[in-house]
Amino acid sequence: MSNTLLTPTIIAREALMQLDNALVMANMVHRGYENEFTESVNGNKKGDTIRIRKPVQFTVRSGAVANVQDATESYTSITVDQQKGVDFKFASSDFSLNIEQFSERYIKPAMIQLANQVDVDLLSLYKDIPNWVGPSALGVIGAPVNSYADFAKAPERLDLMAVPTEQRMGVLSPSDHWGLLGNFTGLYINETAKTALEKAKLPPVGGVDLHMAQNVQTHTVGAHGGTPLVRGASQGSAHSSVKDTWTQTLATDGWTTNSGLKAGDVFTVSGVYDVNPVTKATLPHLKQFVVVSNVTTNTTSSNRTWIVISPPIITTGPYQTVSADVTNDTAIVYMGTASTGYAQNLVFKKEAFALAMVPMERPPGAVDVVSESYKGLSARMIPYYDGTNDVSNYRFDILYGKKTIDPRMATRLSGSA
């Protein structure tokens, strides 16, 4: 039986299916915003950025007297600004292959590379997450996740943060994946353990659907030094001033001059505890703050070093984040050892992160442009022929945006010391 002619449409469809098969993180996050980009308003497209409403929060009153609260809405946004692609070149003789041969030889390896890039971009969102659990003491971090007790700290933190238990996901680095898998060898061989041992795939653990991802990022803690302290009391923010950015600036001092604090670093402040976001009850652990952007410590501005942090310090009301405001000269304790790298395993609810992959426009002058969609993925393929060398060139492009929607719904995980 003769082979089906390999057309650009057939190649594009096969490429999308192979891309879907190779994705890990992208298939675990929220994908509900693609339609927002393709909808029109008065005949016009919305553009490359959409605004996303954050849930409104309230407090409960006691007694019969009404306590009317403002329903203050806040927003975040997601922008489709990541254009990634893979470019193919095929000799005319290659088109005699059937699609299975063609896919195995050319398409699948290319789509694995492209899928890896999408997953890397999504896993790099760990820098937005302030919660980082695992070490038995602050500043001691880096041992592998090799026991259920190690792993359980992550879903426990989600429980404390009032994160719903449905659709919790987890991604572990290869070392931590195999460290946790090895813990099953000491158990009697029930069906769960047998599946893990025989298929090298972890079953759900603690209500978390676990996956191994080679692209789990490594965070190298900034080269901090000195004895850092909060500089100035009562630095808390009003919700109205931080509701859209969910960041604020914290004044500090005591650092070694020219220390480097890095985006994604995490620290706590003595005496400032976390609160349950629903009940506002004080939790047993100190509030963790993440550094939003790189900072080089200095002695300017009256020896202050200003750090942009998230979440902001809000001490009262429906959006309260901490048990108490900071006080002057209280200690700042960093997570991890300076200049040391740690795998950033993630445990999260699906809605913590979002991926929006949208169809791309047809470029003016391009011929035989193919746009295909498959299971929420969209891609554009453009062929162009090199008659001198009798080869066909294909460019395969995707366009997407990534965003941390709700940092509270995720935690970073490392092993106990």
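As shown above, the structure is provided for reference.
S.K.: Sorry if this is basic, but what is going on with the overall build of the protein here?
M.R.: Tallying secondary structure elements over the protein gives eight helices and 24 strands in all. Here the protein holds 417 residues, and 47% of them are scored as buried. Sequence-distant contacts, at least 24 apart, represent 77% of the contacts inside the protein between residues at least 6 apart. When the accessible surface of the protein is summed, it comes to about 19,400 Å², and 50% of that surface belongs to carbon and sulfur atoms.

S.K.: Help me understand the packing of aromatic side chains in this model?
M.R.: Inspection of the entire model under this criterion finds five aromatic pairs. When the centroid spacing of 6.0 Å and the interplanar angle of 70° are considered together, the rings of Trp132 and Tyr342 count as edge-to-face. With Trp132 in strand 6 (residues 132-133) and Tyr342 in strand 18 (residues 341-343), this pair connects stretches of sequence that are 210 residues apart. Look at Trp132 and you get buried, because its relative accessible area is 2%. Among the residues examined, Tyr342 registers a relative accessible area of 5% and is labelled buried. Ring centres of Phe267 and Tyr334 lie 6.2 Å apart, and the angle between their planes is 10°; this geometry places the pair in the stacked category. Here Tyr334 lies in strand 17 (residues 332-334) and Phe267 lies in strand 13 (residues 266-275), a separation of 67 residues in the sequence.

S.K.: Before we go on, may I ask you to explain the pattern of salt bridges in this structure?
M.R.: Pairing is possible between side chains of opposite charge, provided their charged atoms come close. Within the structure shown, the criterion is met by 11 salt bridges. Close ionic contact of Arg231 with Asp253 constitutes a salt bridge, the shortest N to O distance being 3.2 Å. Separated by 22 residues along the polypeptide, Arg231 in the loop between strand 10 (226-230) and helix 7 (239-242) and Asp253 in strand 11 (residues 248-255) bring together distant segments of the chain. For Arg231, a relative accessible area of 24% gives the class partly exposed. Taking the relative accessible area as the measure of exposure, Asp253 reaches 13% and is therefore buried. With a shortest N-O distance of 2.7 Å, Asp397 and Arg395 are connected by a salt bridge.

S.K.: Can you walk me through the nonpolar core in this structure?
M.R.: It is characteristic of soluble globular proteins that their nonpolar side chains tend to be buried jointly. Counting residues in hydrophobic clusters, the biggest one holds 60 residues, and the most contacted among them are Phe348, Phe353 and Phe396. For this core, the element with the most residues is helix 3 (residues 99-123), which contributes nine residues. Within the second largest apolar cluster, 23 residues are counted, among which are Val221, Val266, Phe267 and Ile307.

S.K.: Honestly, the packing of helix 1 (residues 8-22) against helix 3 in this entry has me stumped. Any pointers?
M.R.: Packed helices, taken two at a time, are described by the angle between their axes plus the distance between the axes. Following both chains from N to C, one finds helix 1 and helix 3 inclined at 50°, their axes separated by 8 Å at the closest point. One finds that helix 1 runs oblique with respect to helix 3. Relative to helix 3, helix 1 is oriented so that their crossing is right-handed. When helix 1 is examined against helix 3, the residues Ile10, Ile11, Glu14, Ala15, Gln18, Leu19 and Ala22 are found in contact with a partner set consisting of Ile99, Phe102, Ser103, Ile107, Lys108, Met111, Ile112, Leu114, Ala115 and Asp119.

S.K.: What exactly am I supposed to notice about the sheet that holds strand 13 here?
M.R.: Pairing between sheet strands relies on hydrogen bonds along the backbone, with the strands arranged either parallel or antiparallel. Spatial ordering of the open sheet is given by 10-11-16-14-13-17, a layout of six strands whose pairing is antiparallel. Across the chains shown, the open sheet's two edge strands, defined by having one partner strand only, are strand 10 and strand 17. Averaged over all neighbouring strand pairs, the angle between strand axes comes to 50°, with direction disregarded. In terms of strand pairing, strand 13 meets strand 14 (residues 282-291) through five bridges, oriented antiparallel. Bridge pairing in strand 14 places Thr268 opposite Gln288.

S.K.: Before we go on, may I ask you to explain the sheet that holds strand 6 in this structure?
M.R.: Strand order in the open sheet made by the five strands is 6-24-19-7-8, with mixed pairing throughout. If you trace the sheet from one side to the other, it starts and ends with strand 6 and strand 8 (208-212), each paired once. In this sheet, strand 24 (residues 410-413) lies alongside strand 6 in parallel orientation, the contact comprising two bridges. When the bridges of strand 24 are listed, Val133 appears paired with Leu413.

S.K.: I tried to follow the environment of Val133 on my own but got confused; where do I start?
M.R.: Note on placement: Val133 falls in strand 6. A residue is classified by how much of its surface remains accessible, and Val133, at 5% relative accessible area, is buried.

S.K.: Mind showing me how you'd approach the environment of Asn276 here?
M.R.: For Asn276, the location among the structural elements is in the loop between strand 13 and strand 14. Considered as a pair, Asn276 and Leu160 are 116 residues apart in the sequence and their alpha carbons are 6.4 Å apart. Apart from residues lying up to four places away in sequence, Asn276 is in contact with Leu160, Ala162, Ala281 and Leu283. Within polar-contact distance, the side chain of Asn276 engages the backbone oxygen of Leu160 at 3.5 Å.

Cut-offs applied
- Residues numbered from 1 in each chain as written.
- Predicted model: local features only at pLDDT ≥ 70, side-chain atom pairs only at ≥ 80, totals over all residues.
- Heavy atoms only, no water.
- Helix = DSSP H or I, 4+ residues; strand = E, 2+ residues; numbered from the N terminus.
- Buried < 20%, exposed > 50% of the residue type's maximum accessible area, 1.4 Å probe, protein only.
- Contact = heavy atoms within 4.5 Å.
- Areas by Shrake-Rupley, 256 points an atom, 1.4 Å probe, with all protein chains shown as cover.
- Phe/Tyr/Trp six-rings, centres within 6.5 Å; stacked < 30°, edge-to-face > 60°.
- Salt bridge = Lys/Arg side-chain N within 4 Å of Asp/Glu carboxyl O.
- Core = buried A, V, L, I, M, F, W, Y, C linked by side-chain atoms within 4.5 Å.
- Axes fitted to C-alpha atoms, helices over the stretch in contact; angles between N-to-C directions.
- Parallel < 35°, antiparallel > 145°, perpendicular 65-115°, else oblique.
- Left-handed = near helix turned anticlockwise from the far one by under 90°.
- Pairing = 2+ DSSP bridges.
- Polar contact = N/O pair within 3.5 Å; in protein donor to acceptor, adjacent residues only side chain to side chain.

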